[in-house]
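# Coordinate inspection notes
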Amino acid sequence: MYIILAGILFISITANVFLFTNMSKCKKSKPELSAEKFLLQTILETTADGIVVVVDDTKEIIKTNNRFREIWGIIDERSLGINGNNYMEHAKELFEDPLSFHRGMDEIIEQQKEYADYVTLRDGRVLERYYKPFVLHNSLNCSLFSFRDITATKRAIALEEEVKAHQKLLDEIQQYDKLKTHFFSIISHEFRTPLNILLGAIQLLNINHRNIKDCPNYEYTKRHMEMMKQNCYRLLRLINNLIDITKMDAGFMNMEFTNRNIVKVIEDISVSVAEYAKFYEIELVFDTEIEEKIIACDADKLERVMLNLLSNALKFTDKGGQIHINIFDHKDSIMISVKDTGIGIPEEMKSVIFDRFRQVDSSFRRKREGSGIGLSLVKLLVEAHGGEISVQSELGKGTEFIIKLPVNVAGGAAIVNDEAAAAAEHDNVERINVEFSDIYS
């Protein structure tokens, strides 16, 4: 009975034993699934990548996000259907080589390996493409493609490389310019030493030659010595300009500012040139609105500026013409005008007149020869005073150079007495001879 009861009990027990498993780890509640789906959907729609999921066998589109549709220019996804081949047809309008793109997609899917590359659209956009195979819960082989528009990044990289290339070229040009400046500086000094010796020897010969006027070849010898002297002056002028301009480029030009009466400085230079103008039968007129205006200036450098402008005026003005030098007071600035009635400057040359090694017209070189660096140096010297220079001209009627200098006074410096300064300075006749050496009568 016991056994029977036991057996019955056993049977009863085995009939009512159940296997219980905690399904909470395998099966989620609807709210949990909904929250997870919402999270995945949010991630999918907020990513910067365009994403499309395709079933490998059927090419069925399982999912796309908004960014993918934006990149591919799909307005109404429903009009394309759910077949991936429809997307491939649409791709023909987008990609430079749609057939190659299509084949590439198929080959990537066949390899079933993660893959990344770049594709280019017809409109120039560059997309970074990433592929990852995966298996859905129902054992479906699927492919995930993501596309990221990296056009801006590519352009930025290309621009950065272009900037680097230009910077390298600029560095090379600057290095070359430094070498060129250094070369001009050395060669100019090397030229000036023997030239000064030649010029000194010619001057000694001239002094000696004056004492033998009864020599049969006196006039012949005198003419040739004057020719040699003038050409020495021309070389000296060129060398001085080269030295000064290389100093300005290198930032080593020594500017000695003193408080001077600018009206008196310009007037003295004009008077010194008057005899030259008279020799060439050109009237030189000096006029000023004021008699005195004290400004801080380097009188020696301003003399170089004025002599260069006046020599140009003499070169390009025919006999019977006029040169007017005027000073105008603008309170905070002084304007100096050098105006001639010469041949003028063509309109297209005005913008390059102050460029280095540029001349207005090569057809004037016989009588009006020059290196083409004088006006470039003039501009640098005026700017070193904090001023500016401009040109106004009409072809066949004349040219006017206008210098505008600020009215500044050097602090702590006394006003230089003009008479004392004139007595202390060397005779500037030699400077005028050098500056006007390329004018032929």
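As a starting point, this report considers the structure included with it. If you're wondering where the values come from, they're calculated on a predicted model, not measured in any experiment.

Rules used throughout
- Residues numbered from 1 in each chain as written.
- Predicted model: local features only at pLDDT ≥ 70, side-chain atom pairs only at ≥ 80, totals over all residues.
- Heavy atoms only, no water.
- Helix = DSSP H or I, 4+ residues; strand = E, 2+ residues; numbered from the N terminus.
- Buried < 20%, exposed > 50% of the residue type's maximum accessible area, 1.4 Å probe, protein only.
- Polar contact = N/O pair within 3.5 Å; in protein donor to acceptor, adjacent residues only side chain to side chain.
- Core = buried A, V, L, I, M, F, W, Y, C linked by side-chain atoms within 4.5 Å.
- Contact = heavy atoms within 4.5 Å.
- Pairing = 2+ DSSP bridges.
- Axes fitted to C-alpha atoms, helices over the stretch in contact; angles between N-to-C directions.

## A few points about the side chain of K293
By the secondary structure assignment, K293 is in the loop between β7 (283–288) and β8 (294–297). The exposure class of K293 is buried, given its relative accessible area of 17%. Separated by 3.4 Å, the side chains of K293 and D329 make a polar contact.

## Notes on the nonpolar core
Membership of the largest hydrophobic core comes to 50 residues, with the highest contact counts inside it found for I262, L309, L310 and I403. The biggest single contributor to this core is helix α9 (residues 299–315), with nine residues. Once residues lying within four places of it in the same chain are set aside, the contact partners of I262 are K293, I295, C297, L302, I327, I334, I336 and L405. Of all hydrophobic cores here, the second largest spans 19 residues; its members include F68, W72, F95 and Y131.

## Remarks on the sheet that holds strand β3 (residues 115–120)
One open sheet holds the five strands; their spatial order is β2-β1-β5-β4-β3, and the pairing between them is antiparallel. Edge positions in the open sheet fall to β2 (61–64) and β3, since each of these has one partner strand only. Between one strand axis and the next, the sheet turns through 20° on average, direction left out of account. The pairing of β3 with strand β4 (residues 126–135) spans six bridges and is antiparallel.

## Quick word on the environment of F257
Along the chain, the position of F257 falls in the loop between α7 (218–250) and β6 (258–261). Given a relative accessible area of 35%, F257 falls into the partly exposed group. On a C-alpha basis, the gap between F257 and D300 in space is 9.6 Å, while along the polypeptide they are 43 residues apart. Apart from residues lying up to four places away in sequence, F257 is in contact with A296, C297, D298, A384 and H385.

## A short note on the sheet that holds strand β11 (residues 388–394)
Neighbouring strands of a sheet are bound in pairs by backbone hydrogen bonds; such pairs are parallel or else antiparallel. Taken in spatial order, the five strands line up as β7-β9-β10-β12-β11 in an open sheet, and their pairing is mixed. Both edges of this open sheet fall to β7 and β11, since each of them pairs with a single strand only. Within the sheet, the average angular offset between the axes of one strand and its neighbour, ignoring direction, is 15°. Contacts between helix α8 (residues 262–279) and the sheet are confined to β7, β9 (322–329), β10 (333–340) and β12 (398–406), with β7 contributing the most and set at about 170° to the helix.

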